[in-house]
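Examining the three-dimensional arrangement
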Amino acid sequence: SAHARASARLLKLCRDNGGAYVKVGQHLAQLDYMLPAEYIRSLATLLDCAPVTALEDVREVVREDLGAYPEELWDWFSSAPIASASLAQVHTA
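1. Some details on the overall build of the protein
- Helix and strand counts for the protein come out as six helices and two strands.
- Taken from the N to the C terminus, the helices and strands of the protein come in the order α-α-α-α-α-α-β-β.
- Dimensions of the protein along its principal axes, counting C-alpha atoms only, are 55 × 20 × 15 Å.
- A burial count over the protein gives 27% of its 93 residues as buried.
- Looking at the protein alone, contacts between residues at least 24 apart form 45% of all its contacts between residues at least 6 apart.
- Approximately 6300 Å² of the protein is accessible, and the part contributed by carbon and sulfur atoms is 57%.

2. Section: the side chain of Ser 7
- Examined against the element boundaries, Ser 7 turns out to sit in helix H1 (residues 2-17).
- Classification of Ser 7 as buried rests on a relative accessible area of 1%.
- There is a polar contact of 3.4 Å between the side chain of Ser 7 and the backbone oxygen of Glu 38.
- In this structure Ser 7 touches Glu 38, Tyr 39 and Ser 42, once residues within four positions along its chain are discounted.

3. Considerations on the pattern of salt bridges
- The final tally for this structure, using the stated rule, is four salt bridges.
- The closest approach of N and O atoms between Lys 12 and Asp 16, which form a salt bridge, is 2.5 Å. Here Lys 12 and its partner Asp 16 are both found in helix H1, four residues apart, which amounts to about one turn of the helix. You'll find Lys 12 and Asp 16 in the same group, each marked exposed.
- Notably, a salt bridge pairs Glu 56 with Arg 59, separated by 3.1 Å at the nearest N-O pair. A residue pair is termed a helical-turn pair when its members lie 3 or 4 positions apart in one helix, as Glu 56 and Arg 59 do in helix H5 (residues 55-66) at three residues.

4. With respect to the packing of aromatic side chains
- Under the counting rule described, the total for this entry stands at one aromatic pair.
- Between the aromatic rings of Trp 74 and Phe 77, the centroid separation amounts to 5.8 Å while the plane-to-plane angle is 20°, which identifies the pairing as stacked.
- Assessed through its relative accessible area of 33%, Trp 74 is described here as partly exposed.
- Over the ring of Tyr 69 we find Arg 59, and its NZ or CZ is 4.2 Å from the ring centre.

Calculation criteria
- Think of each chain on its own: its residues are numbered from 1, step by step along the sequence as written.
- Since the coordinates come from a predicted model, pLDDT governs what is reported: local features require at least 70, and pairs of side-chain atoms require 80 or more to be given and counted, while whole-chain, interface and lining totals use all residues.
- Processing note: side-chain calculations cover all non-hydrogen atoms of the structure and skip hydrogens and water entirely.
- Under the DSSP-based scheme used, a helix requires at least four consecutive residues in state H or I and a strand at least two consecutive residues in state E, with every element numbered from the N terminus.
- In this scheme, a residue with accessible area under 20% of its type's maximum is buried, one over 50% is exposed, and one in between is partly exposed, where area comes from a 1.4 Å probe on protein chains only.
- What makes two residues a contact is simply this: any of their non-hydrogen atoms within 4.5 Å.
- Values of accessible area rely on a 1.4 Å probe in the Shrake-Rupley scheme; residue burial ignores everything except the protein chains shown.
- Contacts described as polar in this section are N or O atom pairs within 3.5 Å, which, within protein, must combine one atom able to donate a hydrogen with one able to accept it, while residues neighboring in sequence count only if both atoms come from side chains.
- Any carboxyl oxygen of Asp or Glu that lies within 4 Å of a side-chain nitrogen of Lys or Arg is treated as forming a salt bridge with it.
- Between the rings of Phe, Tyr and Trp (Trp by its six-membered ring), a pair exists once the centres lie within 6.5 Å; its type follows the angle of the planes, with under 30 degrees stacked, over 60 edge-to-face, and the other angles tilted.
- Throughout this description, the term charge over a ring refers to an Arg CZ or Lys NZ atom that lies within 6 Å of the ring centre and within 35 degrees of the ring normal.

Given below as structure tokens:
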């Protein structure tokens, strides 16, 4: 159907662009009273599969925000996040 094709394209757009696009897609997935079911089913996958930022990018963000790389600030820093969301992720240190 047209809705199935359009919702697949919208899902791809959200995943390809990441960040705020994933957040908007997650919000749209909650609008089951307004959007066709095809959109809800497609976009709901964004609620469970948030993208993970590469460790090198995380290291640079920590350096920019805190003035040093994680390994300089803490004795240990997890290379894999314990959680990931549309706009952030969590590492243990």
